Amino acid sequence: MGSVKAELLRLWKWPATWVLIGVWLVMTLTFGYVFNYLALNGGTNTRDLSQQQLISAMQPENVGAAVVRGLPMFGGAIILVLAALAVGSGYGWGTWKTTLTAGPRRVSAMAGTLGALGIVVVLLVALTFVVNLGASITIASLEGWDWSLPGLGVFQALGASLLIAAMWTGFGVFLGVVTKGPALAVGLGLMWAIVTENLLRGVGSLLGPVESLTKVLPGGSAGNLAGAVGGSGAPGVLTDLSGTTAALFLVGYVVFFVGAATLLKVRRDLV
């Protein structure tokens, strides 16, 4: 618990944490509500959605889908960057060396970082839900729509959001430990989350085995879970796998990324 508190204090006072959280909240509001509201009132409808689809996407009862639909790609990329920076920056600053030399055991130090990142990710998902709910209620009230609060199904969407966020967090931690620095970890993570998997999906129709593989890659599994809980209509959201299958793959990725990163930290980083 001491390691968790120390790491949480560091992340809490670290400007990068709040900048990334702020960027994500602005993005989810802009793409989830601002653009849809403008399209509904005569603006450019870039996604070619009907009026009823635009209204449904902004209704408070559908806020769970609004939260989860952004995480397979852009939200996941931001979470990955945060995790990679949190772990990788310790190598550049020399704080990992100090911690491993004079601080707690390596497993305890790594557990503290993972625990603190987990708390930050839960806070991020909760803030996303609250901000989206506030925006949807505001728009519904201004437009005079009949609306209701989300039902119990919202917990399924939030659970899926947390699992997707956990996978991207583990991926970022893994890259930060492997590369022993923030810059390369962030670059590789962004290239994978936004570019590589999309390119593989693009050529998947020409290469059968590649198309099957893309469905179970980290981004593909996240997109399929988001699609299974209703988060349609956003980049990266897929419907190729069942929710259970996608969730199992995501759990496997979390275990692999966290386990591999911890093993590397214990076996390789002697000082």
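A short tour of the structure in this document, coming up. (Residues numbered from 1 in each chain as written. Predicted model: local features only at pLDDT ≥ 70, side-chain atom pairs only at ≥ 80, totals over all residues. Heavy atoms only, no water.)

1. Topic: the side chain of Asn-36
Here's step 1: Take Asn-36: it is sitting in helix α2 (residues 15-40).
Here's step 2: Of the polar contacts made by the side chain of Asn-36, one reaches the backbone oxygen of Gly-32; its length is 3.0 Å. (Helix = DSSP H or I, 4+ residues; strand = E, 2+ residues; numbered from the N terminus. Polar contact = N/O pair within 3.5 Å; in protein donor to acceptor, adjacent residues only side chain to side chain.)

2. A closer look at the packing of helix α8 (residues 153-179) against helix α12 (residues 243-267)
Here's step 1: Where α8 meets α12, the axes come as close as 8 Å, and the angle between the chain directions of the two elements is 25 degrees. By the angle between their axes, α8 is roughly parallel relative to α12. For the element pair α8 and α12, the recorded crossing hand is left-handed. Across from Leu-163, Ile-164, Ala-166, Met-167, Gly-170, Phe-171, Val-173, Phe-174, Val-177 and Val-178 in α8, the residues of α12 making contact are Ala-247, Leu-250, Val-251, Tyr-253, Val-254, Phe-257, Val-258, Ala-260, Ala-261, Leu-264 and Lys-265.
Here's step 2: Across the contact of α8 with α12, the residue classes break down as 19 nonpolar, one polar and one charged. (Axes fitted to C-alpha atoms, helices over the stretch in contact; angles between N-to-C directions. Parallel < 35°, antiparallel > 145°, perpendicular 65-115°, else oblique. Left-handed = near helix turned anticlockwise from the far one by under 90°. Contact = heavy atoms within 4.5 Å. Nonpolar A, V, L, I, M, F, W, Y, C, P; charged D, E, K, R; others polar.)

3. A short note on the packing of aromatic side chains
What characterises a pair of aromatic rings is the spacing of the ring centres plus the angle enclosed by the ring planes.
Here's step 1: For the structure on display, the rule yields eight aromatic pairs.
Here's step 2: Aromatic side chains Phe-31 and Phe-35 sit 5.4 Å apart centroid to centroid with 90 degrees between the ring planes, which places their arrangement in the edge-to-face category. Taken together, the residues span about one helical turn, with Phe-31 and Phe-35 both in helix α2 at a distance of four residues.
Here's step 3: The interplanar angle of 45 degrees and the centroid separation of 5.9 Å between the aromatic rings of Phe-174 and Phe-256 together place this pair among those described as tilted. Taken as a pair, Phe-174 in helix α8 and Phe-256 in helix α12 lie far apart in primary sequence, 82 residues in all.
Here's step 4: Since its relative accessible area comes to 18%, Phe-174 is described here as buried.
Here's step 5: Of the aromatic side chains, those joined through ring pairs into one cluster are Trp-168, Phe-171, Phe-174, Tyr-253, Phe-256 and Phe-257.
Here's step 6: Lying across the ring of Trp-14, Arg-10 places its NZ or CZ 5.8 Å from the centre. (Phe/Tyr/Trp six-rings, centres within 6.5 Å; stacked < 30°, edge-to-face > 60°. Buried < 20%, exposed > 50% of the residue type's maximum accessible area, 1.4 Å probe, protein only. Lys NZ or Arg CZ within 6 Å of the ring centre and 35° of its normal.)

In short, the description is geometric, and any link to function would need to be established separately.
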